[in-house]
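# Commentary on secondary and tertiary structure
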Amino acid sequence: MKIATVIARVLLGLIFVVFGSNISLHFLPTPPPPATPAGDFSKALMQSHYIYVVGLLQVMGGLLLLTGRYIPLGLTLLGPVIVNILLFHIFLDPSGLPMAILVGALALFLRWRYKSNFGGLVKP
């Protein structure tokens, strides 16, 4: 189980460091947003520069996962981003749903593996 945890942590960390960095550095080709509600949502994020905050959270959370230090903090930073990714692909762009489900499953697995660190959040 330890090996699966390390694989999930590194994979999730790499995903968020690469795609979070791409928001600012533009090293992966991205097509222009389509004329759909998903495109409108993406345009709003870009025009308001809110996308840079999301990218920073992705990079910070991903680096915490990759380094293996403060993993619960990294999962906490990435949690809202992952929920937003899942909802975006469920409601606006189903073509990316398989990857979103994979990311969500990796995060849930890691959340389960580090459940003792999150105990204070759910205690009455």
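What comes next concerns the included structure.

Definitions and limits used
- Residues numbered from 1 in each chain as written.
- Predicted model: local features only at pLDDT ≥ 70, side-chain atom pairs only at ≥ 80, totals over all residues.
- Heavy atoms only, no water.
- Patch = residues over 30% accessible without salt bridge, like charges linked within 9 Å, V, L, I, M, F, W, Y side chains within 5 Å.
- Areas by Shrake-Rupley, 256 points an atom, 1.4 Å probe, with all protein chains shown as cover.
- Salt bridge = Lys/Arg side-chain N within 4 Å of Asp/Glu carboxyl O.
- Helix = DSSP H or I, 4+ residues; strand = E, 2+ residues; numbered from the N terminus.
- Buried < 20%, exposed > 50% of the residue type's maximum accessible area, 1.4 Å probe, protein only.
- Arc of directions from axis to C-beta.
- Contact = heavy atoms within 4.5 Å.
- Expected span 1.5 Å × (residues − 1).
- Phe/Tyr/Trp six-rings, centres within 6.5 Å; stacked < 30°, edge-to-face > 60°.

Where nonpolar side chains cluster on the molecular surface, the patch consists of Phe41, Val83, Leu87, Ile90, Phe91 and Leu92 and spans about 550 Å² of accessible area. Here the element with the most residues in the nonpolar patch is helix 4 (residues 71–91); it accounts for 4 residues. According to the relative accessible area criterion, Ile90 is partly exposed, its value standing at 47%.

Looking now at helix 2 (residues 37–47). What sets the pattern is the α-helix's 3.6 residues per turn: residues three or four places apart point alike. Buried residues of helix 2: Ala38, Gly39 and Leu45, and no others. All buried residues of helix 2 fall inside an arc of 125° around its axis, so they share one side. Those residues of helix 2 that are exposed and angled more than 90 degrees off the buried face are Pro37 and Gln47. Contact partners of the buried residues in helix 2: helix 3 (50–67) and helix 4. Immediately downstream of helix 2, the backbone of His49 shows phi near 65°, a positive value.

This part covers the environment of Thr5. Relative to the elements of secondary structure, Thr5 occurs in helix 1 (residues 2–25). In this structure the C-alpha to C-alpha distance between Thr5 and Leu65, which are 60 residues apart in sequence, comes to 11 Å. If near-sequence neighbours (up to four positions away) are discounted, Thr5 is found in contact with Phe109, Leu110, Arg113 and Tyr114.

With that settled, the discussion passes to helix 5 (residues 97–113). Along its 17 residues, helix 5 runs 24 Å from first to last C-alpha, staying within 8% of the 24 Å computed at 1.5 Å per residue. Regarding helix 5, the residues found buried are Ala100, Val103, Gly104, Leu106, Ala107 and Leu110. Across the axial projection of helix 5, the buried residues extend over an arc of 160°, all falling on one side. Exposed and oriented more than 90 degrees from the buried face of helix 5 are Pro98 and Leu108. In this structure, the buried residues of helix 5 make contact with helix 1 and helix 4.

The subject of this paragraph is the packing of aromatic side chains. Aromatic ring pairs are described here by two measures, namely the spacing of the ring centres and the angle between the planes. Scanning all chains against the criterion turns up 2 aromatic pairs. With 6.1 Å between their ring centres and 40° between their planes, Phe109 and Trp112 make a pair best called tilted. Of this pair, Phe109 and Trp112 are both found in helix 5, 3 residues apart, which corresponds to roughly one turn of the helix. On the accessibility criterion, Phe109 (22% relative accessible area) is partly exposed. The partly exposed category is assigned to Trp112, whose relative accessible area is 44%.

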